[in-house]
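# Notes for the structure review
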Amino acid sequence: MADFQEGDYAGAALNGALAASDLFLAGSIVKGAAKGGVYIARNAASKAPYSWKREVRPWMGKQGYLKKGQHGHHWAIPQNGWGKSVPEWVKNQPLNIKAMPEGPAGAEMHGRLTGSYKGKPKFNAVERYVHGTPTWSKVSTGAAVGHPAGAAKAQSDKRR
């Protein structure tokens, strides 16, 4: 409000956008933690089955996180490559699974995140970030960059 009242409309817009991203990020984190927490709590008393195909994928379908046939992308910890050395109970948590769009477009998107797909090349780094990470992750990246930029602007304004 102070920026707006002082006529610094760019600063007011930046601070407003950062405040909105903070609210969105907090809500997304709560939802994501609840999604993963429900699975952990449900399986805490059992043998904690974390097999992707046998246990986690069907459970996510029953909970409505993934529809039948919809691809789920392991976005932070991959199933293969370096992710093979990560225990299933870590990498198969619902927090690590991003739902791809339904249908053939989702299959293509998922395929191109990890390699070429039907003659189309693997996505570049920016495309993999845009299509392969959950919204809350992108918002937190924006907040991580935006808050220091806002602080630097405030320091600069104080020096004037």
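Look up: the structure comes first, before these words.
The structure contained in this document is the topic of the report that follows. (Residues numbered from 1 in each chain as written. Predicted model: local features only at pLDDT ≥ 70, side-chain atom pairs only at ≥ 80, totals over all residues. Heavy atoms only, no water.)

## Quick look at the pattern of salt bridges
Put simply, the rule is: A pairing counts as a salt bridge when a side-chain nitrogen of Lys or Arg comes within 4 Å of a carboxyl oxygen of Asp or Glu. Helix and strand labels come from DSSP, where a helix needs a run of H or I of at least four residues and a strand needs a run of E of at least two; each type is numbered from the N terminus. Three labels apply to residues, based on accessible area from a 1.4 Å probe with only protein chains included: buried if under 20% of the type maximum, exposed if over 50%, partly exposed otherwise in between.
For the structure on display, the rule yields three salt bridges. The closest approach of N and O atoms between Glu-102 and Lys-67, which form a salt bridge, is 3.1 Å. Taken together, the residues span a long stretch of sequence, with Glu-102 in the loop between β2 (97–99) and α5 (103–114) and Lys-67 in the loop between α3 (52–63) and β1 (72–74) at a distance of 35 residues. In this structure Glu-102 comes out as partly exposed when scored by relative accessible area, which is 47%. Here Lys-120 ties to Glu-108 by a salt bridge, and the two come within 3.2 Å at their closest N and O atoms. A residue pair is termed long-range when its members are at least 10 positions apart, and Lys-120 in the loop between α5 and α6 (125–132) and Glu-108 in helix α5 qualify at twelve residues. Note on Lys-120: relative accessible area 38%, which makes it partly exposed.

Keep in mind that these numbers describe shape and distance, not what the molecule does.
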